[in-house]
Amino acid sequence: MESLQLSNYLDTSYKYGFNTEIEKEFFPLGINSSILKFLVLKKKEPKYFLFNRLRTYIAWKKMTFPNWLEHQIPEIDFFKVSYYSAPKKKSFSSLDEINPEVLEVFNKLGIPLSEQKQLANVAVDAVFDSVSINTTYKEKLSKYGVIFSSISTAIKFYPKLVKKFLGKIVSFNDNYFTALNSSIFSDGSFCYVGQNIQSPLDLSSYFRINDKNSGQFERTLIICERNSEISYLEGCTAPEYKESQLHAAVVELVAFDKALIKYSTIQNWYGGNHEGAGGIYNLVTKRGLCSGKNSKILWTQVEVGSSITWKYPSCILLGEESVGEFFSIALTKNFQYADTGTKMYHLGKKTKSKIISKGISSDFSENSYRGLVKFSKTAFFSKNFSQCDSFLLGTYSKVLTYPYLDISNKFSVIEHEAKISKINDEQLFYLQQRGMSLESAIGIIISGFCKEILLMLPLEFALEANKLLSLKIEYNIG
């Protein structure tokens, strides 16, 4: 396949279609050129998509699995993964047509798929395994000049926007997992906000890996035109399996002049059992471009799940006086490993960035902050402030900090501070003397430690995140 002329193969694919015997199967395990062809035809994507998928697949096969971290990921057999798993019916005109079992899963998770839940004031795109099963409030948002849909829908109805921006912030050959995602992604979320528009609703996507053998490879693209504003919330869950599953997503954000994008994540993938078995490998690439003057991107994330996490949401500060901010809480327990952080690339004049990271580690887990702040030669009079705080719960847990500063001009200012602390016995004693249990006392101390970041989340997400933190640290006292 690698030696085949892609253009010839492309024409042949659309001329003769796909083998009907394979098409009748429930998307076979593994990844190869035939499966990519099947995916394009099944989703009725434009012709150039097949070319792009095959090109990135060939590039991915030539890459080597990353090994730059001390903590290595167990070997992944990419040919035992199903890259497309979906409910039997792929297109729904109303919620009544969705499989009741699928709806029940989301109801148990507390995800408001019904547009009758007006008090939620959140538009939701729900992705079940590989397919977006429902997107709420689409018509209402469109009246305000906001397009919110699955990426599959956007490819069909807004092809010019997708072609212009998809893969431009995160290229297919950026790293091993972006190449994998670019070749095999099946769905995700798309948002476009027109000029001078502030979205009347918060937008939200929930991702659910439900099939035992499937992975999740969603693609998210958000574009904010001049003087526009959007708040986007992302949540994710998975059931408990003894075998690990793979999640390799790509997120791209674009902010033009005076635009503001708030991107919040509560990551609660299954993190494995108390012996370290199972759990999601959460290996994602997220990047935003502040291309316009006074543009701003805010990343806020709460990481409490997955057995292994590699995530570094980044900002490219190209526009003059553009701003990038990163707020993160990462909590690990049992044998979880989280390597999280951010990258701030200062390219424009008078750009500013802020990094606030809180890491909490318990049991035998390991929690690392890894960050890059780069000032280019053109980033005159730019500023950065970074604060990386870590909290240890227990005797065997680890917290690590890897800050990397790359400064190419003497007119910029950078500040960095980091500290590590443990539970204070006097604080615990004080709270217990006032009638609190040990678990509640630790929960209050952790909430105070994370307060600065929880305040950055919308109210309903802040309450959910605070509850999750309390649940995760319960019974994890060293």
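Above this text is the structure in question.
Thresholds, definitions, all that
Residues numbered from 1 in each chain as written. Predicted model: local features only at pLDDT ≥ 70, side-chain atom pairs only at ≥ 80, totals over all residues. Heavy atoms only, no water. Phe/Tyr/Trp six-rings, centres within 6.5 Å; stacked < 30°, edge-to-face > 60°. Helix = DSSP H or I, 4+ residues; strand = E, 2+ residues; numbered from the N terminus. Buried < 20%, exposed > 50% of the residue type's maximum accessible area, 1.4 Å probe, protein only. Lys NZ or Arg CZ within 6 Å of the ring centre and 35° of its normal. Salt bridge = Lys/Arg side-chain N within 4 Å of Asp/Glu carboxyl O.

### Considerations on the packing of aromatic side chains
Part 1: Within this structure, the stated rule accounts for 20 aromatic pairs.
Part 2: Their ring planes at 50° and their centres at 5.0 Å tell us that Y48 and F49 sit as a pair that is tilted.
Part 3: Arranged with centres 5.2 Å apart and planes meeting at 15°, the rings of F364 and Y396 form a pair that is stacked. Of this pair, F364 sits in the loop between β18 (352-362) and β19 (366-375) while Y396 sits in the loop between β20 (383-393) and β21 (398-407), and the two are 32 residues apart along the sequence.
Part 4: You can call F364 partly exposed: its relative accessible area is 47%.
Part 5: Through a chain of ring-to-ring contacts, the aromatic side chains of Y57, W60, F65, F78, Y176, F177 and W310 assemble into a single cluster.
Part 6: If you follow R219 out to its NZ or CZ, it ends over the ring of F185, 5.7 Å from the centre.
Part 7: Cation over ring: R370 sits above Y402, and NZ or CZ is 4.4 Å from the ring centre.

### Observations concerning the pattern of salt bridges
Part 1: One pass over the structure, following the stated rule, counts nine salt bridges.
Part 2: Measuring nitrogen to oxygen at the nearest pair gives 2.8 Å for the salt bridge that ties E45 to R53. Of the two residues examined, E45 and R53, each falls in the buried class.
Part 3: In this structure, the salt-bridge partner of D174 is R287, at a minimum N-O distance of 3.0 Å.

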